[in-house]
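Now for the letters of each chain:
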Amino acid sequence: MSTVALRAAIARRIENLGDNTITLALFASTLFLSAILLFSVQPVFAKIVLPTLGGSPSVWAVSMCFFQAILLAGYCYAYALNRYMPLQYAPLAHVGLLAIAFLALPFGLPEGVEPPAGDAYLWLIGVLTLGVGLPFFAVSANAPLLQAWFARTKHPHAKDPYFLYGASNLGSLLALLSYPVVIEPLLGLKSQAFTWTIGFVLLALSVALCGLLLWAKSALLERESTASNSAVAASGNATSSPTWRARAAWIGLAFVPSGLLVAYTSYLATDIASAPFIWVIPLATFLATFVLIFRDTPVIPRHWLMLSQPLLVAFLLLEIAAPGVLPGWISTLLGFSAFFVTTMVAHTVLYERRPESENLTEFYMWMSLGGVLGGVFAAIITPQIFNTIYEFPLLLL
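Everything quoted here is computed from the prediction, not taken from an experiment.

A. Spotlight on the overall build of the protein. In terms of regular secondary structure, the protein is built from 14 helices and zero strands. When the helices and strands of the protein are read in sequence order from the N terminus, they spell out α-α-α-α-α-α-α-α-α-α-α-α-α-α. Per-residue burial for the protein yields a buried fraction of 50% across its 397 residues. Long-range contacts, defined here as pairs at least 24 residues apart, represent 86% of the contacts in the protein between residues at least 6 apart. When the accessible surface of the protein is totalled, it reaches about 18300 Å², and 68% of it is carbon and sulfur.

B. Structural context of the packing of helix α10 (residues 280-293) against helix α12 (residues 328-352). The interhelical angle for the contact between α10 and α12, taken along N-to-C directions, is 35°, at an axis separation of 9 Å. Seen from above, α10 lies across α12 with right-handed handedness. Along the contact surface, α10 presents Ile281, Pro282, Thr285, Phe286, Thr289, Phe290, Leu292 and Ile293, while α12 presents Phe336, Phe339, Phe340, Thr343, Met344, His347, Thr348 and Tyr351. In the contact of α10 with α12, the residues fall into 11 nonpolar, five polar and no charged.

C. Fine view of the nonpolar core. Judged by nonpolar contacts, the single largest core of 108 residues is most densely connected at Phe107, Trp149, Tyr364 and Phe392. The residues touching Phe107, leaving out its near neighbours within four places in the chain, are Val41, Val44, Phe45, Ile48, Gly131, Val132, Ala193 and Trp196.

D. A look at unusual backbone geometry. Looking along the chain, the bond that leaves Leu105 and enters Pro106 is cis, with omega of -10°. Relative to the elements of secondary structure, Pro106 occurs in the loop between α4 (90-102) and α5 (121-140).

E. Spatial organisation of the pattern of salt bridges. A complete count under the given rule lists three salt bridges for this structure. A salt bridge links Arg354 to Asp160, with the nearest nitrogen and oxygen atoms 3.0 Å apart. One end of the pair, Arg354, is in the loop between α12 and α13 (360-385); the other, Asp160, is in the loop between α6 (142-151) and α7 (163-186), with 194 residues separating them in the sequence. We classify Arg354 as partly exposed; its relative accessible area is 25%. The class of Asp160 is partly exposed, set by a relative accessible area of 25%.

F. Up close: the packing of aromatic side chains. Counting across every chain of the model gives 22 aromatic pairs. Seen in terms of ring centroids, Tyr165 and Phe290 are 5.3 Å apart; in terms of plane orientation they differ by 85°. Their pairing is edge-to-face. Of this pair, Tyr165 sits in helix α7 while Phe290 sits in helix α10, placing them 125 residues apart in sequence. An aromatic cluster of three or more residues is present, and its members are Tyr75, Tyr162, Tyr165, Trp250, Phe286, Phe290, Phe294, Tyr351, Phe363 and Tyr364. Over the ring of Trp244 we find Arg247, and its NZ or CZ is 4.3 Å from the ring centre. Positioned above the aromatic ring of Tyr351, the side-chain terminus of Arg354 is 3.9 Å from the ring centre.

G. Expanded view of the confidence of the model for the protein. Per-residue confidence for the protein averages 81 on the pLDDT scale, and 79% of its residues sit at or above 70. Highest mean pLDDT in the protein belongs to α4 (92); lowest belongs to helix α1 (residues 3-16) (56). Contacts for the low-pLDDT stretch residues 226-237, under 50 throughout, to residues beyond four places or in other chains number two contacts.

H. The arrangement of α13 in detail. For α13, which comprises 26 residues, the first-to-last C-alpha distance of 36 Å matches the rise-based estimate of 38 Å (1.5 Å per residue) to within 8%. Helix geometry: α13 is bent most strongly at Phe377, by close to 40°.

I. Representation of a nonpolar patch on the surface in the model. Together, Ile100, Phe102, Leu103, Leu134, Phe194, Ile198, Val201, Leu202 and Leu205 make up an exposed nonpolar region whose accessible area comes to about 860 Å². Looking at the nonpolar patch, the elements that each hand over two or more residues are α4 and α8 (189-235). Sorting elements by how many residues they give to the nonpolar patch places α8 first, with five residues. In this structure, Val201 sits in helix α8.

J. Just helix α11 (residues 302-321), in detail. With 20 residues, α11 extends 29 Å from end C-alpha to end C-alpha; this agrees with the ideal 28 Å at 1.5 Å per step. The axis of α11 is deflected most strongly, by about 25°, at Ser308, and proline Pro310 appears within four residues downstream.

K. Expanded view of the packing of α6 against α7. Interaxial distance between α6 and α7 falls to 10 Å at its minimum, and their mutual angle equals 140°. It follows that α6 is oblique to α7 by the angle criterion. When the axes of α6 and α7 are compared, the crossing they make is right-handed. Only Phe163, Leu164 and Tyr165 of α7 make contact with α6, whose side of the interface consists of Ala143, Gln147 and Phe150.

L. The arrangement of the environment of Pro301 in detail. Note that Pro301 resides in the loop between α10 and α11. You can call Pro301 partly exposed: its relative accessible area is 33%.

Calculation criteria
Residues numbered from 1 in each chain as written. Predicted model: local features only at pLDDT ≥ 70, side-chain atom pairs only at ≥ 80, totals over all residues. Heavy atoms only, no water. Helix = DSSP H or I, 4+ residues; strand = E, 2+ residues; numbered from the N terminus. Buried < 20%, exposed > 50% of the residue type's maximum accessible area, 1.4 Å probe, protein only. Contact = heavy atoms within 4.5 Å. Areas by Shrake-Rupley, 256 points an atom, 1.4 Å probe, with all protein chains shown as cover. Axes fitted to C-alpha atoms, helices over the stretch in contact; angles between N-to-C directions. Left-handed = near helix turned anticlockwise from the far one by under 90°. Nonpolar A, V, L, I, M, F, W, Y, C, P; charged D, E, K, R; others polar. Core = buried A, V, L, I, M, F, W, Y, C linked by side-chain atoms within 4.5 Å. Salt bridge = Lys/Arg side-chain N within 4 Å of Asp/Glu carboxyl O. Phe/Tyr/Trp six-rings, centres within 6.5 Å; stacked < 30°, edge-to-face > 60°. Lys NZ or Arg CZ within 6 Å of the ring centre and 35° of its normal. pLDDT = per-residue confidence, 0-100. Expected span 1.5 Å × (residues − 1). Bend = angle between axes of the 7 residues up to and from the residue. Patch = residues over 30% accessible without salt bridge, like charges linked within 9 Å, V, L, I, M, F, W, Y side chains within 5 Å. Parallel < 35°, antiparallel > 145°, perpendicular 65-115°, else oblique.

Below is the structure:
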C-alpha cells in the first residue's frame with residue numbers, strides 16, 4: 001500500500017469513528033494542556049530565580065518581557081512552518097522540535113549560580129534563556145500552529161478556529177490561579193519541575209496525534225485541492241494577504257493591553273499593595289479577557305464597554321491627580337475596572353478584525369509583536385523617562 005493510500009485509509013477510518021467529535025476533542029484538549037504548561041512554567045521558574053534578585057516589580061517586569069519575546073519567537077516559527085513547509089511534513093518537524101526541547105528538561109538553576117553585583121537584568125535574561133527558553137519556545141508555538149492545523153481538517157468549525165484560542169487561555173487561567181493555592185503549597189520546586197516534564201511528554205504525544213490526524217487527512221485534502229483551487233479562481237474569492245494597515249492595527253491593539261498589564265502590575269505593587277503573588281491578579285484578568293472575547297457570542301455587549309471605558313479612565317485620572325480624596329478600596333476598584341475594561345475594548349476590536357483562517361498564524365505573529373512592544377515600553381522604556389507610574393494612565397488614554 002502506498003503512503004497516500006495509507007493516509008487516505010486512516011482518514012476514512014477516523015471519519016467512520018465520528019471524525020468531528022474526535023477532531024475537536026483532540027485539538028481542544030491538546031491546546032488546553034499546552035496553555036496549562038505555558039503559564040505554569042512562568043511562576044515555577046520565577047519561584048526558582050526571582051528570590052536571588054529580591055523579587056522587585058522591575059525584575060518581574062523584565063521577566064514578563066522575556067516570556068513575551070519568546071512567545072513572539074514561537075509565533076514567528078509557527079507562521080514560517082505553516083507557510084513554507086508542506087502540510088504533511090509540518091507535524092513531523094514540530095514533534096522533532098518538542099523532542100529536542102525535552103533534552104533541556106527538567107529545568108532549574110545550576111548550583112552555585114549567583115547574580116553579579118549591580119544591574120543583573122542581563123544575567124536574569126541569560127538564566128531564563130538557558131534554563132527554560134527552548135521548552136517555552138516549543139510550547140508557545142502550539143496555540144497558532146494547532147489552530148492552523150485544525151482549520152485544515154474540514155471540521156464544521158474549521159473556517160473560524162479562533163474560539164480555540166479562548167479555550168486555550170482558559171487553561172492558562174486555570175494554571176495561573178491554581179499555582180499559588182494548590183501547586184506551590186503542595187509541591188517543592190524539584191517536584192514542580194518534574195511534574196512539568198511529565199506534562200510536556202503528554203503534550204508531545206498529543207501534538208503527535210494531532211499531526212497524525214492532519215497527515216492522514218492531507219491525503220484527502222490533496223485530492224480536493226485542485227478542484228477547490230479551480231473553483232476559487234473561477235469565483236474570484238481567493239483569500240488576499242492582509243494589508244499593512246491591518247497589520248499595524250493588530251500591533252496597536254495588542255500593544256496597549258500588553259503595556260497595561262505591566263504598567264498596572266507595577267502600579268498595583270507600588271501604589272496599592274506589595275504582597276506575594278500580587279502579579280497574579282492583573283495577569284489572570286488579562287487572560288480572562290481572551291476567554292470572554294474569543295468566542296461566537298460576546299459575554300459583555302460591545303456598546304457597554306465603549307461607553308464605560310472613557311468614564312472609568314476619567315474618574316481614575318482625577319483620583320491619580322488628587323490622591324486620597326476617595327477611600328482606598330474605591331481607588332483600588334477604580335484602577336482595576338479601568339484596566340479590565342480598557343483591555344476588553346482593545347481585545348474586542350482585535351477579535352473583530354481577525355482575518356480568515358488562511359492568515360491565522362500571521363495574525364498571531366503581529367499580535368505577539370504588539371505584545372512585546374507594549375511590554376518593553378512599560379517595563380524598560382518608561383522607567384527611564386518617568387520617576388513614577390505615569391505609563392499606567394498614559395496607556396489608558
